[in-house]
Amino acid sequence: MNKILIIDPGKGWGQFVSKMYCFQKLANHLTSKIIFLTKKSTQAEYYLKNTSFCEQVIYLEEPKKGIKNIFYNINSSLKNIKSINKFNFEACYVFHPSLRYLLIAKFSNIKDVWGLGFKFQNFFLKKDKKFYPSFFSKTNGDNEALDFIKKITLSKKIEYKPLSSMRYNQRDTVGIIIAASGSAKRWSIINYLEVIQFLKEKNYKKFLIISGLDQSEDENLIKNKFKDDIELIYTSNKKINEVIPYLKKCKFCIGNDTGFSHLSVNLDIETMVIYGDCPPQFYSDSIKHIEIDPAITRSSTSIHTIKVNKVLDELSKYLNSNRRGGRAVEGARLESV
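Rules behind the numbers
- Residues numbered from 1 in each chain as written.
- Predicted model: local features only at pLDDT ≥ 70, side-chain atom pairs only at ≥ 80, totals over all residues.
- Heavy atoms only, no water.
- Helix = DSSP H or I, 4+ residues; strand = E, 2+ residues; numbered from the N terminus.
- Expected span 1.5 Å × (residues − 1).
- Buried < 20%, exposed > 50% of the residue type's maximum accessible area, 1.4 Å probe, protein only.
- Polar contact = N/O pair within 3.5 Å; in protein donor to acceptor, adjacent residues only side chain to side chain.
- Pairing = 2+ DSSP bridges.
- Axes fitted to C-alpha atoms, helices over the stretch in contact; angles between N-to-C directions.
- Contact = heavy atoms within 4.5 Å.
- Right-handed = clockwise from strand over helix to strand, strands pointing away.
- Phe/Tyr/Trp six-rings, centres within 6.5 Å; stacked < 30°, edge-to-face > 60°.
- Lys NZ or Arg CZ within 6 Å of the ring centre and 35° of its normal.

Draft legend 1. Structural view of helix 7 (residues 189-201). The end-to-end C-alpha separation of helix 7 is 19 Å, in line with the 18 Å expected for 13 residues at 1.5 Å each. Within helix 7, the full set of buried residues consists of Ile189, Asn191, Tyr192, Leu193, Val195, Ile196, Phe198 and Leu199. Measuring from the side-chain oxygen of the N-cap residue of helix 7 to the backbone nitrogen of isoleucine 190 gives 3.1 Å; that N-cap residue is serine 188. A positive backbone phi angle near 80° is found at asparagine 203, which sits one or two residues after helix 7.

Draft legend 2. Spatial organisation of the sheet that holds strand 2 (residues 34-38). Sheet architecture is open: 5 strands sit in the order 3-2-1-4-5, paired in parallel fashion. Here the strands that pair on one side only, and so sit at the sheet edges, are strand 3 (54-59) and strand 5 (112-115). Neighbour-to-neighbour, the strand axes of this sheet turn through a mean angle of 20°, independent of strand direction. Taken together, the 4 bridges between strand 1 (residues 4-7) and strand 4 (residues 91-94) define a ladder with parallel strand orientation. Across the sheet, isoleucine 4 pairs through a bridge with alanine 91, a residue of strand 4.

Draft legend 3. Spotlight on the environment of asparagine 140. Position of asparagine 140 among the secondary structure elements: in the loop between strand 5 and helix 6 (144-153). A sequence separation of 22 residues divides asparagine 140 from phenylalanine 118, and the C-alpha atoms of the two residues are 9.9 Å apart. Among residues more than four places away in sequence, those in contact with asparagine 140 are Phe131, Tyr132 and Asp147. A polar atom in the side chain of asparagine 140 sits 2.6 Å from the side chain of aspartate 147.

Draft legend 4. Structural detail: the pairing of strand 5. By the bridge criterion, 4 bridges tie strand 4 to strand 5 in an arrangement that is parallel. Note on strand 5: the bridge partner recorded for tyrosine 93 is tryptophan 114. Handedness of the crossover joining strand 4 and strand 5 through helix 5 (residues 99-106) is recorded here as right-handed.

Draft legend 5. Broad picture of the packing of aromatic side chains. Applying the stated rule across the entire model yields 22 aromatic pairs. Aromatic side chains phenylalanine 36 and phenylalanine 53 sit 6.4 Å apart centroid to centroid with 85° between the ring planes, which places their arrangement in the edge-to-face category. Taken together, the residues span a long stretch of sequence, with phenylalanine 36 in strand 2 and phenylalanine 53 in the loop between helix 3 (44-48) and strand 3 at a distance of 17 residues. Here a set of aromatic residues connected by ring pairs shows up, and it is made of Phe16, Phe23, Phe36, Phe53, Phe95, Phe118, Phe131, Tyr132 and Phe148. Lying across the ring of tyrosine 234, lysine 223 places its NZ or CZ 4.8 Å from the centre. The ring of phenylalanine 226 carries lysine 225 above its face, with NZ or CZ at 5.7 Å from the centroid.

Draft legend 6. Structural detail: the side chain of serine 211. Note on placement: serine 211 falls in the loop between strand 7 (206-210) and helix 8 (216-226). Here the side chain of serine 211 touches glutamate 219 through a polar contact of 2.5 Å, side chain to side chain. In this view, serine 211 contacts Ile178, Ala179, Glu219, Thr235 and Ser236; residues no more than four positions away in its chain are not counted.

Draft legend 7. Looking closely at the sheet that holds strand 8 (residues 231-234). The 6 strands lie next to each other as 8-7-6-9-10-11, forming an open sheet whose pairing is parallel. Edge strands, defined here as strands with exactly one partner in the open sheet, are strand 8 and strand 11 (287-290). Each strand axis lies, on average, 20° off the axis of its neighbour in the sheet, ignoring direction. Strand direction decides the pairing type here: strand 6 (residues 173-177) and strand 7, joined by 4 bridges, are parallel. Residue pairing across strands places glycine 175 opposite leucine 208, the latter belonging to strand 7. Its contacts with the sheet place helix 8 against strand 7 and strand 8, and it is angled at close to 170° to strand 8. Along the sheet, helix 10 (residues 259-266) makes contact with strand 6, strand 7, strand 9 (250-256), strand 10 (270-274) and strand 11, crossing strand 10 at roughly 155°.

In structure tokens form, the structure reads like this:
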């Protein structure tokens, strides 16, 4: 079987995870498993392990900023090329606009190199091996990977497919995703306390609180408010591979626009995502959007214009809709594992 390489550092691990259904399509089209070369921050080894389309994950030797690091960066590129050449790849696909990553592929022993062809990349790719037709093409944003794979596979539409899915009757938890990459994506913890209280009153009894390393104080607020009333699982001191088994057991999740929200979707969990500074993504029907009002301009503080009552109203609609649709999500109907 031919070995295929995808180079994609990701623009954040949530954005990286959201493209997995596209990469699955590419692997099926090429009838080959994929080896990924990506940043360690994507943590891809944990959620791509044992998937049908991924053979291995390799982490990039990453560059450092500044002219003083020029020799370090040359050395890191050579290390990446050396790692690539161990595999004798038949083809490589570069899903990142940086010239650096395309040149790493070009200087490796790979016969067939494809890339986005954005800006300076355009000069190093054949016409039929790139997505953007010219140096002056404008970016297609978050859709460029999807549209590039449509071009490669000659597909009009690529159906979403999760990485994995646990049987619904084995799920007994609600995920509350308070983690976020920065304050612009972080809805107030005070609001999340009200969300948990609302769900508690709906007879939900077990919650997974997905938080970051810097959110132990937020976890303490939740502990102090609810004490022994409900079962709470915390993650600020857990690694992603320790969190995933708990996440898979979630009936549904609600939380910030962050990597764990997109991982939740890719584990076939319906996830309500609260968007502030960035527009919502539509790659899966499992994403339920809670947005700022249309009159509000997106900014680093716009997420704070979303009032808790709006979120609770959307949550009520979601719960009622799922109950009528036959998916028993009411707390009183939760099946035991």
